[in-house]
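Architecture and fold: a report
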Amino acid sequence: MKRREIITGAAMFAAASALAGCAKITNALNENDAIKSVLHAAEPLNHAVIGTRGEAKLYPDSAIDREFRVNGFDTPSDSAYAALRRDGFASYKLVVEGLVDRPQAFTLAQLRALGSLTQTTRHDCVEGWSAIGKWSGVRLSSVLALAAPQTRARYVIFHCLDRSSDGDPYYESLDMHQAAHPQALLALDLNERPLDADHGAPVRLRVPTQLGYKSAKWVGRIEVADSFKNVGSGKGGYWEDQGYDWYAGI
Ligand SMILES: Nc1nc2c(c(=O)[nH]1)N[C@H]1C(S)=C(S)[C@@H](COP(=O)(O)O)O[C@H]1N2
Ligand SMILES: [Mo]
């Protein structure tokens, strides 16, 4: 836990680049159920061990589930989203703001120009289903680095374009440590095609080291903050506000 507390903000992004350059770390932890259950019994240890250094298993193309299930709230149908959709998201901008030195608003073309990372990983929903998909997009840490998080920054909050049936916006959050994970991806493509609306077009988060609800769809705005206590009911995400675990490590 000490480690997590002392590494914050800008320092994390230097560390992220170093991690991203490392040879692939063993997946033994992910595959060893005995070790996993011990880790789950000790949540702080789990976070420390798997939080950034463990990597989710990568699958071959032959393992891809061609029908990737759709789950969660309804695809946004408000006029703003409908307008974005109508022009193929040409007018969409991903805003990155908050405790950053250089606020950003990226078009999809600009995001794609940042370089593409592809990873075939398994999405695990707490409801008890999984699906393997080939996700491509831009590394979250690359996008954040361009915005230059301030040293006070502790969390990255993802504000989504959809709402619950009660009208509550979907949102999620990662700490700087999780956001720096080399597999944390802002996905633009699923199975080599631009994300369709139901899977979160035009941009969704994919964090294969954490449960499915962390992988926020329809991301409209990324806020870098020192706390998430003033967002939603203050627990760090829509489902966390309903009592789900914030860390949600797999
Ligand atoms: N914005 C938003 N993101 C979301 C959700 C949602 O309802 N709204 N549902 C989450 C849950 S519980 C799961 S399992 C996955 C489902 O993603 P999929 O529809 O691509 O399978 O999205 C996650 N991200
Ligand atoms: Mo889920």
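In what follows, the structure referred to is the one given above.
Residues numbered from 1 in each chain as written. Chains lettered and ligands numbered in written order. Predicted model: local features only at pLDDT ≥ 70, side-chain atom pairs only at ≥ 80, totals over all residues. Heavy atoms only, no water.

**Remarks on the overall build of the protein chain**
In terms of helices and strands, the protein chain carries 10 helices and 10 strands. Sorting the 250 residues of the protein chain into buried and exposed places 52% on the buried side. Pairs at least 24 residues apart make up 70% of the contacts formed inside the protein chain by residues separated by at least 6 positions. Total accessible area computed for the protein chain in this model is approximately 11400 Å², and 51% of it derives from carbon and sulfur atoms. (Helix = DSSP H or I, 4+ residues; strand = E, 2+ residues; numbered from the N terminus. Buried < 20%, exposed > 50% of the residue type's maximum accessible area, 1.4 Å probe, protein only. Contact = heavy atoms within 4.5 Å. Areas by Shrake-Rupley, 256 points an atom, 1.4 Å probe, with all protein chains shown as cover.)

**Observations regarding the site of ligand 1**
Near ligand 1 you find 20 residues, and of these Arg69, Phe73, Asp162, Arg204 and Lys217 are the closest. Between an oxygen atom of ligand 1 and a main-chain N or O atom of Phe73, the distance comes to 2.7 Å. For ligand 1, an oxygen atom lies 2.5 Å from a polar atom in the side chain of Lys217. Counting atoms within 2 Å of the grid points, the majority share of ligand 1 lands in the largest pocket. Those elements giving two or more residues to the shell around ligand 1 turn out to be β3 (117-125) and β5 (155-163). (Near = heavy atom within 4 Å. Polar contact = N/O pair within 3.5 Å; in protein donor to acceptor, adjacent residues only side chain to side chain. 1 Å grid on protein atoms, 1.4 Å probe; cavity = no way out; pocket = protein on both sides within 12 Å on 5 of 7 lines; lining within 4 Å. Sits in = over half its atoms within 2 Å of the grid points.)

**Some points on the pairing of strand β1 (residues 94-98)**
As judged from the 3 bridges shared by β1 and strand β2 (residues 104-106), these two strands associate in the antiparallel manner. By the bridge assignment for β2, Val96 is matched with Gln104. If you look at the hairpin formed by β1 and β2, you'll find 5 residues sitting between the two strands. Where β1 and strand β10 (residues 219-225) come together, 4 bridges link them in parallel fashion. The residue bridging Val96 from the neighbouring strand is Ile222, located in β10. (Pairing = 2+ DSSP bridges.)

**Re the layout of surface pockets**
When its volume is computed, the largest pocket comes out at roughly 360 Å³. Around the largest pocket, the lining is made up of 23 residues, and of these Asn71, Gly72, Tyr170, Gly212 and Tyr213 lie nearest the centre. Within the residue set of the lining of the largest pocket, elements represented by two or more residues are β3 and β5. Class assignment of the residues belonging to the lining of the largest pocket gives a composition of 12 nonpolar, 6 polar and 5 charged. (Points joined across faces, edges and corners; volume = space filled by probe spheres on them. Nonpolar A, V, L, I, M, F, W, Y, C, P; charged D, E, K, R; others polar.)

**Topic: the sheet that holds strand β6 (residues 169-175)**
The sheet built from 5 strands is open, its strands ordered β2-β1-β10-β5-β6 with mixed pairing. If you trace the sheet from one side to the other, it starts and ends with β2 and β6, each paired once. Direction aside, the axes of adjacent strands within the sheet are offset by 20° on average. Packed onto the sheet, helix α8 (residues 140-147) meets β1, β2, β5, β6 and β10 and runs at close to 135° relative to β2. (Axes fitted to C-alpha atoms, helices over the stretch in contact; angles between N-to-C directions.)

**A few points about the packing of aromatic side chains**
Geometrically, a pair of aromatic rings is defined through the distance of the ring centres and the angle of the planes. The full count for this structure, using the stated rule, is 12 aromatic pairs. When the ring of Phe73 is compared with that of Tyr170, the centres are 5.5 Å apart and the planes differ by 85°; the resulting orientation is edge-to-face. Here the residue Phe73 occupies a position in the loop between α5 (43-50) and α6 (79-86), and Tyr170 occupies one in strand β6, the gap between them amounting to 97 residues. In this structure Tyr170 comes out as buried when scored by relative accessible area, which is 10%. Within the aromatic cluster, the residues linked to one another by ring pairs are Phe73, Tyr170, Tyr213, Tyr238, Trp239 and Tyr244. (Phe/Tyr/Trp six-rings, centres within 6.5 Å; stacked < 30°, edge-to-face > 60°.)

**Here's the deal with the pattern of salt bridges**
Counted according to the given criterion, the structure contains 7 salt bridges. Its salt-bridge partner being Arg221, residue Glu97 comes within 2.7 Å of it at the nearest N-O pair. Highlighted residues: Glu97 in strand β1 and Arg221 in strand β10, separated in sequence by 124 residues. Judged by relative accessible area, which is 29%, Glu97 ranks as partly exposed. On the accessibility criterion, Arg221 (30% relative accessible area) is partly exposed. Between Glu192 and Lys134 there is a salt bridge, with the nearest N and O atoms lying 3.2 Å from each other. Of this pair, Glu192 sits in the loop between β7 (185-190) and β8 (193-194) while Lys134 sits in strand β4 (residues 129-139); the two residues are 58 residues apart in sequence, bridging distant segments of the chain. (Salt bridge = Lys/Arg side-chain N within 4 Å of Asp/Glu carboxyl O.)

**Remarks on the side chain of His181**
Residue position: His181 is located in the loop between α9 (176-179) and β7. A distance of 2.7 Å separates a polar side-chain atom of His181 from the backbone oxygen of Gly54.

**Let's talk about the nonpolar core**
Residues Leu94, Leu111, Leu140, Leu144, Phe158, Leu186 and Ile222 are the most contacted members of the largest nonpolar core, which totals 53 residues. Looking at which element gives the most residues to this core, the answer is β7, with 5 residues. Counting residues in each nonpolar core, the second largest holds 8 residues, with Ile157, Tyr171, Trp246 and Tyr247 among its members. (Core = buried A, V, L, I, M, F, W, Y, C linked by side-chain atoms within 4.5 Å.)

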